[in-house]
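Fold and geometry: a report
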Amino acid sequence: MDPSGGTTTVGAVRRWAMLAASVLGAMATTCAVSGAGFLIPALHTDEGLSIAAASTLATAPTVGLMVSIIPWGAALDRFGERRILLISLVLTVLATAASVTVATVGLGYVALAATLVAGGVVSAATNGASGRIVVGWFPPHSRGTAMGVRQTAQPLGIGLCALTIPVLGADHGITAGLIVPLAAAVVALVAVAVCVVDPPRATSTPGSVAEGENPYRTSSFLPRVHAVSVLLVIPQSTLWTFSSAWLIVGHHWSPASSGVVVTAAQFLGAAGRIAAGRWSDVWGSRMRPIRVIALAAAAMSVLLALTDWLSSPVAVVLMVVATVVTVADNGLAFTGIAEYAGPRWSGRALAVQNTGQFLATAVATPALGAVIGAFGFPAAFLAMAIAPAVALPLVPSDPPGAFDSARGRRDDDVAATGVAGRRESQQP
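Residues numbered from 1 in each chain as written. Predicted model: local features only at pLDDT ≥ 70, side-chain atom pairs only at ≥ 80, totals over all residues. Heavy atoms only, no water.

The name given to the protein chain in an unreviewed UniProt entry is Sugar phosphate permease, with Williamsia serinedens as the source organism. Of the comments in the UniProt record for the protein chain, the one headed Subcellular location (unreviewed entry) reads "Cell membrane". (UniProt positions renumbered as here; feature names shortened; annotations may be inferred.)

1. What about the overall build of the protein chain?
Assigned secondary structure in the protein chain consists of 19 helices and zero strands. Going through the 428 residues of the protein chain one by one, you find that 61% of them count as buried. In the protein chain, of all internal contacts separated by at least 6 residues, the share reaching a separation of at least 24 is 84%. Entry remark: accessible area of the protein chain is about 15300 Å², with carbon and sulfur atoms responsible for 69%. (Helix = DSSP H or I, 4+ residues; strand = E, 2+ residues; numbered from the N terminus. Buried < 20%, exposed > 50% of the residue type's maximum accessible area, 1.4 Å probe, protein only. Contact = heavy atoms within 4.5 Å. Areas by Shrake-Rupley, 256 points an atom, 1.4 Å probe, with all protein chains shown as cover.)

2. Observations regarding helix α14 (residues 314-326)
Between its first and last C-alpha, α14 extends 18 Å over 13 residues, near the 18 Å set by a 1.5 Å rise per residue. Listed as buried for α14 are A315, V316, L318, M319, V320, A322, T323, V325 and T326. Where the residues of α14 are buried, they touch α11 (221-250), α12 (255-283) and α13 (287-309). (Expected span 1.5 Å × (residues − 1).)

3. Some remarks on the packing of helix α7 (residues 125-137) against helix α16 (residues 346-375)
Close contact between α7 and α16 brings their axes to 9 Å; oriented N to C, the two are set at 135°. By the criterion of interaxial angle, the relationship of α7 to α16 is oblique. The interaxial crossing formed by α7 with α16 has right-handed handedness. In this structure, α7 uses N127, G128 and R132 to contact α16, whose residues at the interface are S346, G347, L350, N354 and F358. Residues belonging to the contact of α7 with α16 are distributed by class as follows: two nonpolar, five polar and one charged. (Axes fitted to C-alpha atoms, helices over the stretch in contact; angles between N-to-C directions. Parallel < 35°, antiparallel > 145°, perpendicular 65-115°, else oblique. Left-handed = near helix turned anticlockwise from the far one by under 90°. Nonpolar A, V, L, I, M, F, W, Y, C, P; charged D, E, K, R; others polar.)

4. Re the environment of V121
Residue placement: V121 occurs in helix α6 (residues 109-122). The spacing of V121 and V33 is 88 residues in sequence and 9.4 Å in space, taken between C-alpha atoms. With near-sequence residues (within four places) excluded, V121 lies in contact with G64, L65, S68 and W72.

5. Observations concerning the packing of α11 against helix α17 (residues 377-384)
When two helices pack together, their arrangement is given by the angle between the helix axes and the distance between those axes. Viewed as axis vectors pointing N to C, α11 and α17 meet at an angle of 170°, and their least axial separation amounts to 11 Å. With respect to α17, the element α11 is oriented roughly antiparallel. Residues I234, P235, T238, L239, F242, A245, W246 and G250 of α11 pack against F377, F381 and M384 of α17. Within the contact of α11 with α17, the residues separate by chemical class into nine nonpolar, two polar and no charged.

6. Digging into the pattern of salt bridges
If you walk through the whole model with that rule in mind, you get one salt bridge. Between D281 and R286 there is a salt bridge, and its shortest N-O distance comes to 2.9 Å. In this structure, D281 and R286 share a single accessibility class: buried. (Salt bridge = Lys/Arg side-chain N within 4 Å of Asp/Glu carboxyl O.)

7. Details of the packing of aromatic side chains
Scanning all chains against the criterion turns up five aromatic pairs. Centre to centre, the rings of W279 and W283 are 5.3 Å apart; their planes meet at 15°, and the pair counts as stacked. With a gap of four residues between them, W279 and W283 both fall in helix α12, about one helical turn apart. Classification of W279 as partly exposed rests on a relative accessible area of 32%. A relative accessible area of 33% means that W283 is categorised as partly exposed. Cluster of aromatic residues (ring-pair linked, three or more members): W246, F377 and F381. (Phe/Tyr/Trp six-rings, centres within 6.5 Å; stacked < 30°, edge-to-face > 60°.)

8. Some remarks on the nonpolar core
Ranked by internal contacts, the top residues of the largest apolar core, which has 124 residues, are W246, I290, L304, M319 and F381. No other element matches the 14 residues that α11 contributes to this core. Sequence-distant contacts of F381, defined by excluding residues within four places in its chain, comprise L239, W246, S301, L304, A305 and D308. (Core = buried A, V, L, I, M, F, W, Y, C linked by side-chain atoms within 4.5 Å.)

9. Observations concerning the confidence of the model for the protein chain
Per-chain confidence: the protein chain averages 81 in pLDDT, with 89% of residues scoring 70 or above. For the stretch residues 1-7, pLDDT sits under 50, and the model shows 17 contacts to residues farther than four places along the chain or on other chains. Overall, residues 405-428 carries pLDDT values under 50, and its contacts beyond four positions in sequence, including any with other chains, amount to 54 contacts. (pLDDT = per-residue confidence, 0-100.)

10. Considering a nonpolar patch on the surface
A grouping of I87, V90, L91 and L94 is seen on the molecular surface, where their side chains present a nonpolar patch of about 320 Å² in accessible area. Here L91 lies in helix α5 (residues 81-105). (Patch = residues over 30% accessible without salt bridge, like charges linked within 9 Å, V, L, I, M, F, W, Y side chains within 5 Å.)

11. Some words on helix α3 (residues 51-58)
Within α3 the residues assigned to the buried category are I51, A54, S55, L57 and A58. Down the axis of α3, the sector holding all buried residues measures 160°, keeping them to one side. At its buried positions, α3 is contacted by α1 (12-34), α2 (40-45), α4 (60-79), α6, α11 and α16. (Arc of directions from axis to C-beta.)

12. Regarding unusual backbone geometry
Of note, H252 is a non-glycine position whose phi angle comes to about 65°, a positive value. On the secondary structure map, H252 appears in the loop between α11 and α12. When its relative accessible area of 68% is taken as the criterion, H252 is described as exposed. Here S311, not a glycine, exhibits a phi torsion of approximately 55°, which is positive. Residue S311 is classed as exposed on the basis of its relative accessible area, which comes to 61%.

Structure representation (structure tokens):
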């Protein structure tokens, strides 16, 4: 038994079951934080709110998440993954149920915003916890792929919301749409309770800082990765927030048709994240693929703006491609951060990462909503192209020794402890 409360080994089936539960937990956060964005068409068309006002309401959960994500990260470093995940998900169930209740009773947008903020506050633990589970239980040579699977939670959660919430909002009102995050949280809570075990607390990982050392004082690697990720999340969040409204309001699609297209784009984005993770494992780098993705994100944003301005039907295809490209980097950055920070700092480092990304989302969403209201969707797509262009030269090199595939080759039935150079004969 590991001192942290986990076991030193688990079988491959249990490890992948924990990964699946981690995906569901992170999906619950995605639905709690981003689900309100898919009510923008109903809030605009049926409730009479402007796009800018509806976008501001949709940002409320992100504000809550930003307030609490670093304290949740510190709690993860102190108390471990399973306990914090369960607490967070129980509270997420309660907060999303409160949103449904407020909407049902009709207490107004201020009260609804308060419950949405609360949902963001309590759901913030799952991203960091699930990332730590991947790094703790998967060996280096398959960790990028596993983190790619874990990072499918965001596009899958967005896809689930896109397929259900606009239709429910249009047909049955915003109350029906708010049930989706509640259902996602309940399912995730059950999965985590059944499957998740705390990983062992390794003392170091290849390419990480020494145990107990502050990774922010050793090099500029973490700050640069955070800065790059903050910039790259802007086109990503713009597309997942406004793609449904773009199709429904801007192109007069039905909510059902737009939901199918947006969901398909998100599912392809999920596959893209897995492919990017596998790519990083094979290439032996977490950072070099991010450079390629940043360049592609800038190019796709410009092309989307141009084709939409020309009213070309190709714009819809490019929106799908842009969605796939702009979500591909997250798993790579998460893996690189967790590997470098080590088990004693990764909770806080991943929390800082998420805080920066959600802060960028909270600022960019209403700002781009105002741009859309004043100048149209093409202007917003063009504006979002600036962020990945700025990010490109900021991508750092991989830390020395951060990826050694030869050291990482281990039997898939034995969990990785992250200790470099562990001899095969020492494994059960």
